Amino acid sequence: LTQDDLKKIAAYKAVEFVRSGMVVGLGTGSTARHAVDRIAELLDQGELRDIIGIPTSSTTHEQALALGIPLSDLDSHPVVDLAIDGADEVDPFLNLVKGRGGSLLREKMVEGACKEFVVIVDESKLVDYLGGSLLAMPVEVIKFCWKFSAERLRALFEYAGCTTRLRLSGDGKEGEPYVTDNGNYVVDLYFKREIGDLSAASDAILRLAGVVEHGMFLKMASTVIVAGKHGVRVINR
Ligand code: DER
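Bear in mind the structure is a predicted one, so any value in this text is a computation, not a measurement.

## With respect to the side chain of Ser57
Here is step 1 of the chain: Following the sequence through the fold, Ser57 ends up in the loop between β2 (52–55) and α3 (58–67).
Here is step 2 of the chain: Classification of Ser57 by relative accessible area gives buried; the value is 4%.
Here is step 3 of the chain: Here Ser57 is in contact with Thr28, Ser103 and Asp181, once residues within four sequence places are set aside.

See below:
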């Protein structure tokens, strides 16, 4: 089983939670992509009906549009029945790091508005504590004086050996900063040591005036579906 097979298995399991008539938050990333494909497939087969999708990024919007999934937004549907999305890290309390795909703000808006938030991961995403994978913990910042914001973020987490890096766009424009769907930049935080009190860290980050949102999704997931070589586990919070 490849990692993508595991992502697909987790995604298909999550789509079993979708009922006809639901307003469904459509996640972003290579795992959530399989869930969007599966929802479209079940709609085509008549297994599912009257689904309204709320995309969490322009990328997912385009994917869902091409698949013919009826789409809307939070202005029209302020309560979402179920959201399905991937994650970059999942700790034992089902706290998440998300946003390595750059869509953390819209993901957090949609997933914060839903009754059930089902996270789909392959087992490689499980960590003992957030920031443990030495991979990026993204923070969306306004473009204005982003260096100032990056330095404030680094100083905030000096105790955890934090370094920061402006995320660059992947599509070859050398050294161009990545710009989010919302016209902002992303500063990625890298930790050498455990962050510790996550809600204190979250509050401290959000108090910085140049910060829009961060990639820690604390106490938001209701269920995490983990696909591993030994099978699929459904973990409820
Ligand atoms: O960017 C995001 O938040 C994605 O959901 C990310 O957390 C998971 O992406 P992946 O499924 O491609 O690993």
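## Side note on the side chain of Asn184
Here is step 1 of the chain: Topologically, Asn184 is positioned in the loop between β8 (163–166) and β9 (185–190).
Here is step 2 of the chain: Accessibility expressed as a relative area gives 10% for Asn184, which makes it buried.
Here is step 3 of the chain: Reaching out from Asn184, the side chain makes a polar contact with the side chain of Glu140 at a distance of 2.8 Å.
Here is step 4 of the chain: If we skip the residues at most four places from it in the chain, Asn184 touches Glu140, Val141, Ile142, Tyr178, Val179 and Val212.

## A word on helix α5 (residues 146–156)
Here is step 1 of the chain: Where α5 is concerned, the buried positions are Ser149, Ala150 and Leu153. Seen from one end, α5 has its buried residues packed into an arc of 100°, which puts them on one side. Away from the buried face of α5 by more than 90 degrees, exposed residues Lys147 and Phe148 are located.

## A short note on the sheet that holds strand β10 (residues 211–214)
Here is step 1 of the chain: Across the sheet, four strands lie side by side as β8-β9-β7-β10; this open sheet has antiparallel pairing. Two strands lie at the open edges of the sheet, namely β8 and β10, each paired on one side alone. Each strand of the sheet is rotated relative to its neighbour by a mean of 30°, with strand direction disregarded.
Here is step 2 of the chain: Bridge count for β8 against β9 is four bridges, and the pairing is antiparallel. Looking at β9, one finds that Thr164 is bridged to Leu189.
Here is step 3 of the chain: Packing against the sheet, helix α4 (residues 104–112) makes contact with β7 (137–141) and β10, and its axis sits at approximately 65° to β10.
Here is step 4 of the chain: On top of the sheet, helix α6 (residues 198–206) reaches β7 and β10; it is set at about 155° to β10, its chief contact.

## A closer look at the nonpolar core
Here is step 1 of the chain: If you look at the biggest cluster of nonpolar residues, it comprises 24 residues, and the most contacted ones within it are Val15, Val18, Val24, Ile39, Ile51, Ile84 and Ile120.
Here is step 2 of the chain: Put simply, the parts of the chain that give this core at least two residues each are α1 (3–15), β1 (23–26), α2 (30–44), β3 (80–85), β6 (114–122) and β12 (223–228).
Here is step 3 of the chain: Each residue touching Ile51, except ones within four places of it in the same chain, is listed here: Val18, Arg19, Ser20, Gly21, Met22, Val24, Ile39, Leu43 and Pro70.
Here is step 4 of the chain: Residues Val187, Leu189, Ile195 and Ile205 belong to the second largest nonpolar core, which totals 23 residues.

## Here we look at the pairing of β6
Here is step 1 of the chain: Burial runs high along β6: seven of the nine residues are buried.
Here is step 2 of the chain: Of the strand pairs in this sheet, β6 and β12 are connected by five bridges, and their pairing is parallel. Bridging across to β12, Asp122 finds its partner in Ala227.

## Quick word on the sheet that holds strand β13 (residues 231–236)
Here is step 1 of the chain: Spatially, six strands are ordered β2-β1-β3-β6-β12-β13 in an open sheet, and the strand pairing comes out mixed. One side of each edge strand has no neighbouring strand; the edge strands of this open sheet are β2 and β13. Ignoring which end each strand starts from, the neighbouring axes of this sheet average 20° apart.
Here is step 2 of the chain: The sheet contacts of α1 involve β3, β6, β12 and β13, and relative to β6 the element is tilted by about 160°.

## What about empty space enclosed by the protein?
Here is step 1 of the chain: Under the counting rule described, the total for this entry stands at one cavity of 30 Å³ or more.
Here is step 2 of the chain: The space that makes up the largest cavity amounts to roughly 30 Å³.
Here is step 3 of the chain: Forming the walls of the largest cavity are Phe148, Ser149, Arg152, Leu208, Ala209, Gly210 and Val211.
Here is step 4 of the chain: Per element, the largest residue contribution to the lining of the largest cavity is three residues, and it comes from α5.

About the criteria used
- Residues numbered from 1 in each chain as written.
- Predicted model: local features only at pLDDT ≥ 70, side-chain atom pairs only at ≥ 80, totals over all residues.
- Heavy atoms only, no water.
- Helix = DSSP H or I, 4+ residues; strand = E, 2+ residues; numbered from the N terminus.
- Buried < 20%, exposed > 50% of the residue type's maximum accessible area, 1.4 Å probe, protein only.
- Contact = heavy atoms within 4.5 Å.
- Polar contact = N/O pair within 3.5 Å; in protein donor to acceptor, adjacent residues only side chain to side chain.
- Arc of directions from axis to C-beta.
- Pairing = 2+ DSSP bridges.
- Axes fitted to C-alpha atoms, helices over the stretch in contact; angles between N-to-C directions.
- Core = buried A, V, L, I, M, F, W, Y, C linked by side-chain atoms within 4.5 Å.
- 1 Å grid on protein atoms, 1.4 Å probe; cavity = no way out; pocket = protein on both sides within 12 Å on 5 of 7 lines; lining within 4 Å.
- Points joined across faces, edges and corners; volume = space filled by probe spheres on them.

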